[in-house]
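# An overview of the molecular structure
In case you want the letters, here they are:
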Amino acid sequence: LARVRGSCAVLDPYAGSCATLLAAARIAPAARTVGVERLHSGYVNLDDVRADFDARGLPQPAGLLKGDYRDPDIRAAAREA
């Protein structure tokens, strides 16, 4: 995260609660952040993650994807987000 600046892109392939994306958005609000999380069924609530960004006054991630980043379709979707 030390190199996050301006409008760079930050991908977190194992986003979890999106702490990495929250930090990136705080350091560089113009950064395009994308997170991928496969444990979404009851373990990670992406609506709660979005609410966390709102509560902190940070811009929403460009994408919060449900799936396994090793899947080529998920990687393609992350690039497009």
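Structure: see above.
The written sequence of each chain sets the order in which its residues are numbered from 1. In keeping with the predicted nature of the model, local features appear solely for residues at pLDDT of at least 70, side-chain atom pairs appear and are counted solely at 80 or more, and the whole-chain, interface and lining totals rest on all residues. Think of the side-chain values as coming from all heavy atoms in the structure, minus any hydrogens and water.

## Structural notes on the state of the cysteines
Two cysteine sulfurs form a disulfide in these notes if their separation is within 2.5 Å. As enumerated under the stated definition, the model contains 0 disulfides in all. Cysteine Cys18 shares no disulfide, and the gap to the nearest cysteine sulfur, in Cys8, comes to 16 Å.

## Focus on the environment of Ala2
Numbering of helices and strands runs from the N terminus, with a helix taken as a DSSP run of H or I at least four residues long and a strand as a DSSP run of E at least two residues long. By secondary structure assignment, the location of Ala2 is in the segment before strand 1 (9-12). For the pair formed by Ala2 and Ile27, sequence separation is 25 residues and the distance between their alpha carbons is 8.7 Å.

## Focus: the pattern of salt bridges
The working definition used for a salt bridge is a side-chain nitrogen of Lys or Arg within 4 Å of a carboxyl oxygen of Asp or Glu. Counted by the stated rule, this structure contains 3 salt bridges. Note that Arg56 and Asp52 form a salt bridge whose closest N and O atoms lie 2.7 Å from each other. Burial status follows relative accessibility: with a 1.4 Å probe on protein chains alone, a residue under 20% of its type maximum counts as buried, one over 50% as exposed, and anything between as partly exposed. The exposure class assigned to Asp52 is partly exposed, which follows from its relative accessible area of 25%. Notably, a salt bridge pairs Arg70 with Asp68, separated by 2.7 Å at the nearest N-O pair.

## Considering the environment of Leu21
Assignment of secondary structure puts Leu21 in helix 1 (residues 19-27). Between the C-alpha atom of Leu21 and that of Gln60, which follows or precedes it by 39 residues, the distance is 9.5 Å.

## A few points about the sheet that holds strand 2 (residues 32-37)
Strand order across the open sheet formed by 3 strands is 1-2-3, with parallel pairing between neighbours. Of all the strands in the sheet, just strand 1 and strand 3 (63-66) have a single pairing partner and so form its edges. Sheet twist, expressed as the mean angle between neighbouring strand axes with direction ignored, is 10 degrees. Here a strand pair is declared whenever DSSP counts at least two bridges between the two strands. As paired strands, strand 2 and strand 3 are joined by 4 bridges and run parallel to one another. Counterpart to Gly35 in the pairing with strand 3 is Leu64. Working rule for contacts: check all heavy atoms of both residues, and any pair within 4.5 Å makes them a contact. Here an axis means a line fitted to C-alpha atoms, over the contact stretch when the element is a helix, while the angle between two N-to-C directions is reported on a 0 to 180 degree scale. Contacts from helix 3 (residues 72-80) reach strand 1, strand 2 and strand 3 within the one sheet, and its direction differs from that of strand 2 by about 160 degrees.

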